Amino acid sequence: MRHRAQRMIQILMSLGFLFSGTLAVRAADSEIDRLLQSPVGKDWVTNGGNLTNQRYSTLKQIDTNNVKQLKGAWMTRLKGSGLGGKYSFEATPLVKDGIMYISTGNDDVFALDAKTGQILWEHWSQISQQISTVCCGWLNRGLAMGEGMLFIGQLDANMVALDMKTGKEMWRTPVEDWHNGYGITNAPIYYDGTVYSGITGGEFGVRGRLTAMDAKTGKILWRAYTLPTPGEPGGDSWPAGTDHYSRGGASIWNTPALDPELGLVYFAVGNCGPDYDGSMREGDNLFCASVLAVNAKTGVYAWHFQEVHHDIWDYDAASPVVLFDTVINGQPRKAIAQAGRTGWVYILDRTNGKPLIGIEERPVPQEPRQKTAKTQPFPIGDAIVPQCAEPMPASGYEKAGCIFETFWEEPVLIQPSGIGGTNWGPMSYNPETGSLYVPATIRTSAFARYDTKYALGKRFDGGTQAAPIGSPMSGTFTAIGGNTNKIVWQHKTPYRVGQGGGSTTTAGGLVFRGEPDGNFLAIDAKTGQELWRFQTGFGADAPPAVYEVNGEEYVAIATGGNQGMLSANGDAVWVFSLKGQLGPLWPPPPPQKIAGPAGPLRDDVDEIKIGANNMEYIFFPGRTKIKAGTTLTFTNVGDTPHTATSFEGGKIGKWDTGVLEKGQSKALTFSEPGNYFYICTPHPWMYGQIVVE
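Note that this is a predicted model, so its numbers are computed, not measured.

## Thoughts on the overall build of the protein
- Secondary structure summary: the protein contains 2 helices and 48 strands in total.
- In summary, the protein has a C-alpha radius of gyration of 24 Å against a globular reference of 26 Å for 693 residues, a match within 12%.
- Seen through its principal axes, the protein has C-alpha atoms that stretch 75 × 65 × 45 Å.
- Taking all contacts inside the protein whose residues are at least 6 apart in sequence as the whole, residues at least 24 apart take part in 63%.
- Approximately 23,600 Å² of the protein is accessible, and the part contributed by carbon and sulfur atoms is 52%.
- Charge-centre separation for the protein: the mean point of 59 positive side chains lies 2 Å from the mean point of 67 negative side chains.

Set out below in structure tokens:
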């Protein structure tokens, strides 16, 4: 019956009877809907600025000539919310009628006077600190607003509506159960009475989906699953006669975009599950690593484009999609772009999902045990990061390859890797320059597959991709032509910038972006020249917002660090203006540029604590020296399950504590002299070292 109804809807749509621009129903919040469809002006009312996710502001009081005069207008600390090593502060502030609204990594929400920074109200989430199914740090990417409410997706997979005037909870909808591996980190979008949100859990054997909810009540209207059942579009891309699709991952990490004229909502879809083991899931595995479009009223499938077939590299499409209009070969085109972890930007026709510039299917290396796809899509244009790894024979890595190199149980070095390219950080688009501004990470990973058994609510990743000890980590920030996919200009950055920061651009000819060393930058959008730099004192790993109050233009950024970068944690919101009086702070400790354990070599400990000192993703001490025959106890004092697992030449598991829940310990004796490196397998950016004499 459901399929028959969906088919009838598709027929009616094809005849023009449903959801055309002329038949649009009255908006539930006409003012917000008008702002969402308009170029961004004095207010910033949704995560991407408006429904396009362009992150482009028409304000131009601050421009290339006077940006050097910017100083802090105010800086407000958010009472310790999200302050600690397990948190990232990645939210974009929203601003409406002189009031700013922002969420923290603990899902707490604050309203501030956008001119002075005074806290007007606060809503503390009271979220359980026992949530154990968070993939990549505690964070929230922001809010949506409409009908007098703010909407926030929580790490416990609840969608919550708050009164904009008071912060009082208006409704709460369980989208899923976090115990089953789900969560929400994306900023939702609101449009025409509906709230849209994705869901996380790609490393926990979930079935991804976009959920549409009634904004007034929170009632779930429909779900568009990113993993189709047999008989649905894409269902034949999973092994016939199996239920692997039901635990195949395909999370939606970031904010969707929406085209009211076409009646479509668009979103990027993450990795397959298990991440690194394709042996059990023969086929292309739709809609993993894809851009997907569905009907905004019904969730009915419209089109897809898969960036990586049968993904075994964790090549998520994690950064938000961006909608823009352009001219290609003299013809106006409706475009959509997505920056992938592959290091490419994919530029498509948003009416049908077809490549606008050209994407070629080319043969790639094969590994029959992995059931690898015979070809992969190669966009015509420029990659924004290197896509080939160099061998490291002195470190035990004999084999290295390029982007789609294969692997099994022997480690293989591959770039850009599943933590390279553009991860969660959003790009921006400036219609005056016609360029997309794309953050990215340069990082090599050692890929290896191992057996993983599915268990509800437990990690289901099937391998590892830790960076080799001693390998460099850096980044790029690139202007890409929206109608050429060619590099216009590029910065080589000393740190990884593709994790969560992103950028925002303005009619003043500027691009604003933060760096994990605490610096906030203004760049000439046309030339790439750096025009201004300000030290915020905390990791500046969030996308900025631009707004106006009483005729004065402001630029805002959340500065609280990123746990994946180990950049300086904090709880600060910085706001800048031409009339600002506040100067910069002292720089915080910079994040690592080389993969591996950090800190002094300690010889006075018999216990290594995981998640100590309110730093969830570290071993403490990180480097330890002991005598042969010494027993070391590993204790998890953090909130998230961790392991301490040997990592030698890319091989894991010679010794292993197993998964340690909060409060659990495991004692291991080291009898032979040597240099022992180890990682946490669920969080392979955590490193430790034990020197045994």
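## A short note on the packing of aromatic side chains
- Scanning the model with the defined rule gives 38 aromatic pairs in all.
- Each ring, one from Phe-407 and one from Phe-447, has its centre 5.3 Å from the other, and the planes form 35°; the classification is tilted. Separated by 40 residues along the polypeptide, Phe-407 in the loop between strand E24 (400-401) and strand E25 (412-414) and Phe-447 in strand E28 (residues 445-449) bring together distant segments of the chain. Neither residue differs from the other here; Phe-407 and Phe-447 are each classed as buried.
- Chaining the aromatic ring pairs together yields one cluster made of Phe-512, Phe-520, Trp-532, Phe-534, Trp-574 and Phe-576.
- Just above the ring of Trp-424 sits the side chain of Arg-341; from NZ or CZ to the centre is 5.4 Å.
- One Lys or Arg, Arg-513, reaches over the ring of Phe-477 and ends 4.8 Å from the middle of that ring.

## Section: the pairing of strand E35 (residues 530-535)
- Looking at chain direction, strand E34 (residues 519-524) and E35 are connected through 5 bridges and run antiparallel. When the bridges of E35 are listed, Phe-520 appears paired with Phe-534.
- Between E34 and E35, which pair antiparallel one after the other, the connecting turn spans 5 residues, and Gly-528 there sits at a positive phi close to 85°.

## Section: the state of the cysteines
- Summed over the entire model, instances satisfying the criterion amount to 3 disulfides.
- Disulfide pairing is shown between Cys-272 and Cys-288; the S-S distance is 2.3 Å. Across the S-S bond of Cys-272 and Cys-288 the torsion is about 125°, and the bridge reads as right-handed. Taken together, the residues Cys-272 in the loop between strand E16 (264-268) and strand E17 (290-295) and Cys-288 in the loop between E16 and E17 connect sequence positions 16 residues apart.
- The exposure class assigned to Cys-272 is buried, which follows from its relative accessible area of 0%.
- Look at Cys-288 and you get buried, because its relative accessible area is 0%.
- Numbered by order of appearance in the sequence, the disulfide-linked cysteines of the protein pair as 1-2, 3-4, 5-6.

## Comments concerning the nonpolar core
- One finds Phe-151 and Leu-210 to be the most contacted residues of the largest nonpolar core, which totals 60 residues.
- In contact with Phe-151, other than residues within four places in its own chain, are Leu-143, Ala-144, Met-145, Gly-146, Met-159, Val-160, Ala-161, Trp-171, Pro-188, Tyr-190, Val-195 and Ala-215.
- Within the second largest apolar cluster, 35 residues are counted, among which are Ala-91, Ala-114, Trp-532 and Ile-557.

## Let's talk about the sheet that holds strand E5 (residues 109-113)
- Ordered in space as E3-E4-E5-E6, the 4 strands form an open sheet in which the pairing is antiparallel. Lying at the two open borders of the sheet, with one neighbouring strand each, are strand E3 (94-96) and strand E6 (119-123). Within this sheet the neighbouring strands show an average axis-to-axis angle of 20°, counted without direction.
- Note: E5 against E6, 4 bridges, orientation antiparallel. Each residue of the ladder has a partner; that of Ala-111, found in E6, is Trp-121.

## Considering the sheet that holds strand E8 (residues 149-153)
- Strand order in the open sheet formed by 4 strands is E7-E8-E9-E10, and the pairing between neighbours is antiparallel. The sheet terminates laterally at strand E7 (144-146) and strand E10 (169-174), the two strands that pair on one side only. Here the strands of the sheet are splayed against their neighbours by 20° on average, with no regard to which way each runs.
- In terms of strand pairing, E8 meets strand E9 (residues 158-163) through 5 bridges, oriented antiparallel. Bridge pairing in E9 links Met-149 to Asp-163.

## Description of helix H2 (residues 30-37)
- Of the residues making up H2, those classed as buried are Ile-32, Asp-33, Leu-35 and Leu-36. Each buried residue of H2 lies within a common arc of 160° when the element is viewed along its axis, so the set occupies one face.
- The elements touched by buried residues of H2 are E3, E7 and strand E11 (189-191).

## Re the environment of Thr-211
- You can see Thr-211 is positioned in strand E13 (residues 209-214).
- Along the primary structure Thr-211 and Leu-582 are separated by 371 residues, whereas in three dimensions their C-alpha atoms are 43 Å apart.
- Beyond its immediate stretch of four places on either side in the chain, Thr-211 contacts Val-175, Val-195, Tyr-196, Ser-197, Ile-220, Trp-222 and Arg-223.

## Describing the pattern of salt bridges
- Tallying each qualifying case throughout the model produces 36 salt bridges.
- With its nearest N and O atoms 3.9 Å apart, the salt bridge here joins Glu-405 to Lys-399.
- For Glu-405, a relative accessible area of 16% translates into the label buried.
- Using a relative accessible area of 41% as the deciding quantity, one classes Lys-399 as partly exposed.
- In this structure, Glu-693 and Lys-627 form a salt bridge, with 3.9 Å as the shortest nitrogen-oxygen distance. Of this pair, Glu-693 sits in the segment after strand E48 (683-692) while Lys-627 sits in the loop between strand E42 (623-626) and strand E43 (630-636), and the two are 66 residues apart along the sequence.
- Take Glu-693: its relative accessible area is 44%, and that puts it in the partly exposed class.
- With relative accessibility at 56%, the residue Lys-627 sits in the exposed group.
- The network of salt bridges with common partners includes Glu-31, Lys-42, Asp-43, Lys-96 and Asp-97.

## A short note on the confidence of the model for the protein
- Overall, the prediction assigns the protein a mean pLDDT of 93, with 96% of residues at 70 or greater.
- Contacts from residues 1-26, a stretch scored under 50 in pLDDT, to residues over four places away or in other chains number 21 contacts.

## A look at the side chain of Thr-326
- By the secondary structure assignment, Thr-326 is in strand E19 (residues 322-328).
- A relative accessible area of 10% places Thr-326 in the buried class.
- Those residues within four positions of Thr-326 in sequence are excluded, and the remaining contacts are Gln-331, Pro-332, Arg-333, Ala-335, Gly-482 and Asn-483.

About the criteria used
- Here the residue numbers are simple positions, counted from 1 along each chain's written sequence.
- Reporting in this predicted model follows two pLDDT cut-offs: at least 70 for local features of residues, and 80 or more for side-chain atom pairs to be given and counted; totals over whole chains, interfaces and linings ignore these cut-offs and use all residues.
- Calculated side-chain values reflect all of the structure's heavy atoms, with hydrogen atoms and water omitted.
- Put simply, DSSP marks the helices as runs of H or I at least four residues long and the strands as runs of E at least two long, and each gets a number from the N terminus on.
- Atoms counted for the radius of gyration: C-alpha only. Globule rule: 2.2 Å times residue count to the power 0.38.
- We call two residues in contact when some of their heavy atoms are within 4.5 Å.
- Accessible surface area values rest on a Shrake-Rupley calculation with a 1.4 Å probe, where residue burial reflects the displayed protein chains alone.
- Neither His nor the chain ends is counted toward charge; the positive residues are Lys and Arg and the negative residues Asp and Glu.
- A charged residue contributes its charge at one atom only: NZ of Lys, CZ of Arg, CG of Asp or CD of Glu.
- Under the pairing criterion, centres of Phe, Tyr and Trp rings, with the six-membered ring standing for Trp, must be within 6.5 Å; the plane angle then separates stacked pairs below 30 degrees from edge-to-face pairs above 60, leaving the rest tilted.
- The buried label applies to any residue whose accessible area, calculated with a 1.4 Å probe on protein chains only, is under 20% of its type's maximum; exposed applies above 50%, and partly exposed to all values in between.
- Only Lys NZ and Arg CZ are tested; either one counts as a charge over a ring when it is within 6 Å of the ring centre and within 35 degrees of the ring normal.
- By definition, two strands form a pair when at least two bridges between them are found by DSSP.
- Throughout, disulfides are identified as pairs of cysteine sulfur atoms within 2.5 Å of each other.
- Buried Ala, Val, Leu, Ile, Met, Phe, Trp, Tyr and Cys residues form a nonpolar core when they are joined through side-chain atoms within 4.5 Å.
- Only the contacting stretch of a helix is used when fitting its axis, a line to C-alpha atoms as for every element, and angles between N-to-C directions run 0 to 180 degrees.
- Here the arc refers to the directions that run from the helix axis out to each C-beta atom.
- Whenever Lys or Arg places a side-chain nitrogen within 4 Å of a carboxyl oxygen from Asp or Glu, that contact is recorded as a salt bridge.
- Predictor confidence is given residue by residue as pLDDT, running from a minimum of 0 to a maximum of 100.

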